Amino acid sequence: MAEVKLYSIRDSVAGECGPIFTAKNDGVAVRQVCNMMHDVVDVSDYALYCVGTFDTEEMVFVDKTPHEVDFHIIFKQYCSKLEELKARQTYISCYRDWE
């Protein structure tokens, strides 16, 4: 049985969820959300939900019980690493300009 999980991001300001996207598991979904939201000013307006599981062979929903997947802590770590990488790239670029 091949399964894929279905996810949606809830926007508390809009009061609704966005489009459904798929991921193998919660960790992959969190990584996708971090990539999508790296320019968002206030991620506390958003919540990630796993809205179900779909069996891709039988074409049936296996689980339809939505649950929240907390991505906020990992998002902060992701942003810190991204800023560190940008700082390193800037340093390398400046160093090359001086040579």
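The structure under discussion appears in the preceding block.
These numbers were taken from a predicted model, which means no experiment stands behind them.

*Asks:* Looking at this structure, I do not really get the overall build of the chain. What am I missing?
*Replies:* Helix and strand content of the chain: 2 helices and 6 strands. Put simply, the chain runs from its N terminus to its C terminus through helices and strands in the order β-β-β-α-β-β-β-α. Counting over 99 residues, the chain shows a buried share of 22%. When the accessible surface of the chain is split by element, carbon and sulfur atoms take 55% of a total near 7200 Å².

*Asks:* I keep staring at the nonpolar core and nothing clicks. Help me out?
*Replies:* Generally speaking, nonpolar side chains in soluble globular proteins are found buried as a group. Among the nonpolar cores identified, the biggest contains 15 residues, and Tyr7, Phe21, Val33, Met37, Leu48 and Phe71 are the most heavily contacted of them. Elements supplying a minimum of two residues to this core: β1 (3–11), β3 (21–23), α1 (26–36) and β4 (46–55). Top element by residues in this core is α1. It accounts for 4 residues. Apart from residues lying up to four places away in sequence, Tyr7 is in contact with Pro19, Ile20, Phe21, Ala23, Asn25, Asp26, Ala29, Leu48, Tyr49, Cys50, Val51 and Val69.

*Asks:* Help me understand the pairing of β1 in this model?
*Replies:* The two faces of the sheet receive side chains in turn, since in a regular strand these alternate between them. Taken together, the 9 bridges between β1 and β4 define a ladder with antiparallel strand orientation. Looking at the pairing, Tyr7 lines up with Cys50 of β4. In this sheet, strand β2 (residues 16–17) lies alongside β1 in antiparallel orientation, the contact comprising 2 bridges. When the sheet's bridge partners are listed, Arg10 is paired in β2 with Cys17. Counting the residues in the hairpin turn of β1 and β2 gives 4 residues, including Gly15, whose phi is positive at 75 degrees.

Calculation criteria
One numbering rule holds for all chains: residues counted from 1, following each sequence as written. Under the rules for a predicted model, residues below a pLDDT of 70 receive no local features and side-chain atom pairs below 80 are neither given nor counted, while totals for whole chains, interfaces and linings still include all residues. With hydrogens and water excluded, all non-hydrogen atoms of the structure serve as input to the side-chain values. The helix count covers DSSP runs of H or I at least four residues long, the strand count covers runs of E at least two residues long, and both are numbered beginning at the N terminus. The cut-offs for exposure are 20% and 50% of the maximum accessible area for each residue type, with area from a 1.4 Å probe on protein chains only; residues under the lower value are buried, those over the upper are exposed, and the others partly exposed. Note that accessible areas follow from Shrake-Rupley with a 1.4 Å probe, and for residues the cover is restricted to the protein chains shown. To qualify as a nonpolar core, a set must consist of buried Ala, Val, Leu, Ile, Met, Phe, Trp, Tyr and Cys residues joined through side-chain atoms within 4.5 Å. Contacts were defined at the residue level, with two residues in contact if any of their heavy atoms lie within 4.5 Å. We call two strands paired when DSSP finds no fewer than two bridges between them.

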